[in-house]
Amino acid sequence: MRKQVVDNSMRHNQKARFQKKTLLFLDYFVMILLAFFFLFPFWVMAVGSLKPEKLIFDDLKSVIWAFIPRDVNLENYAYIFNRIPFLTYFKNTIVIVLTTIVSGLFVNSMIAYALARLRWKGKKFIIGAILALTIVPLETIVVPLLMVSNKLPWFNGATSWLDSLHVQIIPFICDAFSIYLFYQSFIQIPKDYDEAAIMDGANPFVIFSRVIIPLARSTFVAVAIIQLIFLWSAYLWPLMVTRTEAFRPLTLGVTYLYNMDIRWGPILAYATLSNLPSVLLFIVFQKGFLRSIASGSVKG
Amino acid sequence: MKKQGYSQDNFFGWLMSSPALLLLTIFVIIPLVMGLGWSFTNKRLISPLPTEYIGLKNYDSILAIKLIPIDPILDENGKPQIDEKGNIQYFRVRDVIRANPKYQDFRLYTEFNAFGNHFGIIAKDPDFYRALINTTLYVLMIVPAIGIISLLLALLVNQRIWGVSIFRVLYFIPSITSISVTSVVWMFLYNPDQGLINQLLQKISFGAFGFSPWLQSADTALLAIILYTIWQASGLFMVIFLGGLQDIPEDTYEAAKIDGANPFQTLLYVVIPQLRNTIIYVVITSSILGFRLFTQVDVMTKGGPEGSTLTLMMHTVNEGFRNQKIGYASAISIVFFIFILILTFTQRKIFKSENVLE
């Protein structure tokens, strides 16, 4: 009798363990299937970019061969470096994204500091205004913004900002949403920190750079990453303000290449090269990326 | 002493805010105000004629829409003419519009049969309504699809099992690449004759799936763009859901387990109510992103075939930038902005009522 009970419970345990194993197996199966769904375009893109044009489509017919590199050569890559200004596009994107992010961090955090930690007349109104501006998407002002940019002077004597790099940078440095994220983070820092510094006779600039910035470093990283994701994809605005290849970013170059002649080899090589930096950057800093996205979103 | 500190704050407050305020004024507030002003004018990008104030005419041109009954063509006996297939012959809507001065400036949007009569819907800007319908359809499909898929993804990679963080990273990769570049890659995959997606579907269904034209047919183009967007954006919303899931205290799950809830019940009655704020955030954000839909459409279909993927944003850019009708495009932007405002205020309102409950 007793033996049977033990036996039963053992059998039950075994059954539970078996169920757990099946479930785990199923988990991994589904996760791998999904990984295939999210990654196969990149794999096919990279493999295709290394094949001669004729082979790209021949291999698609057998499906399996679309995933396996063969006849590997770099002709498609040579094509995009020699026939189109790929390096110019690449340099433009890097300059635009980096300059906008770095100056944005500076400008947006500074006003957020003033709003969160200084007592001055008019700040209530400005906080309200900035909160209201967070809901204005670029798309709703893009047409008048184009007209404004067309009428602005520049140091070299030009009377329009169109077709330049700075027209893709300066309008996006200040960002209401970034200010809001900084503000949220700065008001949470205890007041004692700056009071001690005030006692030492430090002015707000010193407190900001010596006390606040080091304490809120993770917010700076979060804002930079969120901005990076949006700026890296910028398409509509560059499409409207650039006229010549000298100022186009990567995002526009690909459609230029597509419209020039529809040979898929070079297009896939172009796509591979322009996806590479952001994917690598993400894989290296993935922890920071994922945390920043999560923290930068749900705040009411 | 204290008063001195206060006036010092006044100085530094304005000083430290000034770069941001200057930029916001030039690049957001001035365009916003100018756009609102121009929406009441006939301003064009380049025009020999001076800009004139035209009141609400732009808004009327955007929104004016009419349902008109279309009469059948009568034969000499006063009976409706019938063609070989037995269908009643109706007047052409275009002729009805031309014959009636009341319908001047109107164009055909669509025609249909109902209650034994024939009707035409005519609008001053049928493309606006085409864009509005497409965009709404897109939002209505993409929001639940992305919401459910990204929540399931988040639940899957929120488990404490070996290697799960690698999958988190993999699923997020499409979200950090630029939309225009991956759109071109998907055009390659969608290729109607030799594209990989058609080939794959055919192989795994043993030929049951025929070759779909995807982007090149008015029936499937919007669907193809939705599928691409799910691929592109699910990872982003997965991470947002993950943030929400990790805020749920561990003992909530324990309690549910002790109460004998199965995993599905736990999800429905414990997890989802706790994720309320995150869900609202995801719904609102994905609908705003949906309304702003432009890049993938501009790259993949340019609004075609037959206007089946024309979006509000694309219509605005076509009118303002490509057709140079600044005043008209500004008015579309304002209408568009009102949609976004309504969405955002709904979000804030729901959040507020939630706070009151607490």
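Up top is the structure these notes are about.
Being a predicted model, the structure only gives us computed values, none of them experimental.

K.L.:
Quick question: what am I supposed to make of the packing of aromatic side chains here?
P.N.:
Geometrically, a pair of aromatic rings is defined through the distance of the ring centres and the angle of the planes. Taken as a whole and assessed by the stated rule, the structure comprises 38 aromatic pairs over all chains. Taking 5.2 Å as the distance between ring centres and 75 degrees as the angle between the ring planes, the aromatic pair formed by Phe 11 of chain B and Phe 12 of chain B counts as edge-to-face. Since its relative accessible area comes to 52%, Phe 11 of chain B is described here as exposed. Note on Tyr 190 of chain B and Trp 214 of chain B: the rings are 5.1 Å apart at their centroids and 35 degrees apart in plane angle, and the pair reads as tilted. Here the residue Tyr 190 of chain B occupies a position in helix α6 (residues 179-190), and Trp 214 of chain B occupies one in the loop between α7 (196-204) and α8 (221-246), the gap between them amounting to 24 residues. A single burial state applies to Tyr 190 of chain B and to Trp 214 of chain B, both of which are buried. An aromatic cluster is built from Phe 36, Phe 40, Phe 42 and Phe 67 of chain A together with Trp 186, Tyr 190, Trp 214, Tyr 228 and Trp 231 of chain B, whose rings are joined through pairwise contacts. Over the aromatic face of Tyr 79 of chain A sits the side chain of Arg 263 of chain A, whose NZ or CZ is 4.9 Å from the ring centroid. The ring centre of Tyr 328 of chain B lies 4.8 Å from the NZ or CZ of Lys 325 of chain B, which sits over that ring.

K.L.:
Please clarify how the side chain of Asn 198 of chain B should be interpreted in this entry.
P.N.:
Residues and elements named next belong to chain B. Mapping Asn 198 onto the fold places it in helix α7. Engagement of the side chain of Asn 198 in a polar contact is seen with the backbone oxygen of Ser 212, the distance being 2.8 Å. Discounting chain neighbours no more than four positions away, the residues touching Asn 198 are Asn 191, Pro 192, Gly 210, Phe 211, Ser 212 and Trp 214.

K.L.:
I tried to follow the packing of helix α3 (residues 75-82) of chain A against helix α13 (residues 264-284) of chain A on my own but got confused; where do I start?
P.N.:
Residue and element names in this part refer to chain A. Interaxial distance between α3 and α13 falls to 8 Å at its minimum, and their mutual angle equals 80 degrees. On the basis of the axis angle, α3 is roughly perpendicular to α13. Contacts between α3 and α13 involve Asn 76, Tyr 77, Tyr 79, Ile 80 and Phe 81 from the former and Gly 265, Pro 266, Ala 269, Tyr 270, Thr 272 and Leu 273 from the latter. Grouping the constituent residues of the contact of α3 with α13 by class yields 8 nonpolar, 3 polar and no charged.

K.L.:
Help me out: how do you make sense of a nonpolar patch on the surface in this one?
P.N.:
On the surface, Phe 25, Leu 26, Phe 29, Val 30 and Leu 33 of chain A cluster together into a nonpolar patch covering about 510 Å² of accessible area. By the element assignment, Leu 33 of chain A lies in helix α1 (residues 2-49).

K.L.:
I'm lost on the nonpolar core in this one. Help?
P.N.:
Note on soluble globular proteins: their nonpolar side chains tend to be buried together. By size, the foremost hydrophobic cluster in this structure holds 195 residues, and its most contacted members are Ile 80, Phe 186 and Tyr 270 of chain A together with Tyr 171, Phe 172, Phe 188 and Leu 196 of chain B. Here this core gets 16 residues from one element, more than from any other, and that element is α8 of chain B. Residues in contact with Tyr 270 of chain A, not counting those within four places in the same chain, are Ile 80, Ile 84, Phe 86, Tyr 89, Pro 249, Leu 250, Gly 253, Val 254 and Leu 257 of chain A. Residues Ile 68, Ile 70, Val 93 and Ile 122 of chain B belong to the second largest nonpolar core, which totals 8 residues.

K.L.:
Looking at this structure, how should I read the sheet that holds strand β1 (residues 65-70) of chain B?
P.N.:
Each strand in a sheet pairs with its neighbour through backbone hydrogen bonds, running either in the same direction (parallel) or in the opposite one (antiparallel). Residue and element names in this part refer to chain B. What the 3 strands build is an open sheet, ordered β1-β3-β2; its pairing is antiparallel. Strands with a single pairing partner mark the edges of an open sheet, and in this sheet they are β1 and β2 (107-114). Geometrically, the sheet is characterised by an average inter-axis angle of 25 degrees between neighbouring strands, direction not taken into account. With 6 bridges joining them, β1 and strand β3 (residues 117-123) adopt antiparallel strand pairing. From the neighbouring strand, Ile 68 faces β3, where its bridge partner is Gly 120.

K.L.:
Mind showing me how you'd approach the layout of surface pockets here?
P.N.:
Gaps left between atoms are located by rolling a probe of water-molecule size over the structure's atoms. Quantified by volume, the second largest pocket comes out at close to 1,600 Å³. For the second largest pocket, the lining is made up of 29 residues, of which Leu 155, Gln 159, Arg 160, Tyr 253 and Pro 263 of chain B are closest to its centre. Mapped by element, the contributors of at least two residues to the lining of the second largest pocket are α1 of chain A together with α4 (126-157), α8, α9 (250-258) and α10 (263-274) of chain B. The element best represented in the lining of the second largest pocket is α1 of chain A, accounting for 7 residues. For the lining of the second largest pocket, the per-class residue count stands at 15 nonpolar, 6 polar and 8 charged.

K.L.:
Explain the interface of chain B and chain A here, please?
P.N.:
Often the size quoted for an interface is simply the accessible area lost on bringing the parts together. In this complex, chain B contributes 94 residues to the contact, which on the side of chain A involves 92 residues. Of the roughly 8,700 Å² buried at the junction of chain B and chain A (both faces included), carbon and sulfur atoms supply 81%. Looking only at chain B, the three residues that lose the most surface to chain A are Met 16, Phe 27 and Phe 188 of chain B, adding up to 10% of its buried area. Taken together, the connections running from chain B to chain A amount to 1 salt bridge.

The rules we used
- Residues numbered from 1 in each chain as written.
- Chains lettered and ligands numbered in written order.
- Predicted model: local features only at pLDDT ≥ 70, side-chain atom pairs only at ≥ 80, totals over all residues.
- Heavy atoms only, no water.
- Phe/Tyr/Trp six-rings, centres within 6.5 Å; stacked < 30°, edge-to-face > 60°.
- Buried < 20%, exposed > 50% of the residue type's maximum accessible area, 1.4 Å probe, protein only.
- Helix = DSSP H or I, 4+ residues; strand = E, 2+ residues; numbered from the N terminus.
- Lys NZ or Arg CZ within 6 Å of the ring centre and 35° of its normal.
- Polar contact = N/O pair within 3.5 Å; in protein donor to acceptor, adjacent residues only side chain to side chain.
- Contact = heavy atoms within 4.5 Å.
- Axes fitted to C-alpha atoms, helices over the stretch in contact; angles between N-to-C directions.
- Parallel < 35°, antiparallel > 145°, perpendicular 65-115°, else oblique.
- Nonpolar A, V, L, I, M, F, W, Y, C, P; charged D, E, K, R; others polar.
- Patch = residues over 30% accessible without salt bridge, like charges linked within 9 Å, V, L, I, M, F, W, Y side chains within 5 Å.
- Areas by Shrake-Rupley, 256 points an atom, 1.4 Å probe, with all protein chains shown as cover.
- Salt bridge = Lys/Arg side-chain N within 4 Å of Asp/Glu carboxyl O.
- Core = buried A, V, L, I, M, F, W, Y, C linked by side-chain atoms within 4.5 Å.
- Pairing = 2+ DSSP bridges.
- 1 Å grid on protein atoms, 1.4 Å probe; cavity = no way out; pocket = protein on both sides within 12 Å on 5 of 7 lines; lining within 4 Å.
- Points joined across faces, edges and corners; volume = space filled by probe spheres on them.
- Buried area = accessible area lost by both parts, 1.4 Å probe.

Functional significance is not addressed by these values, which are geometric in nature.
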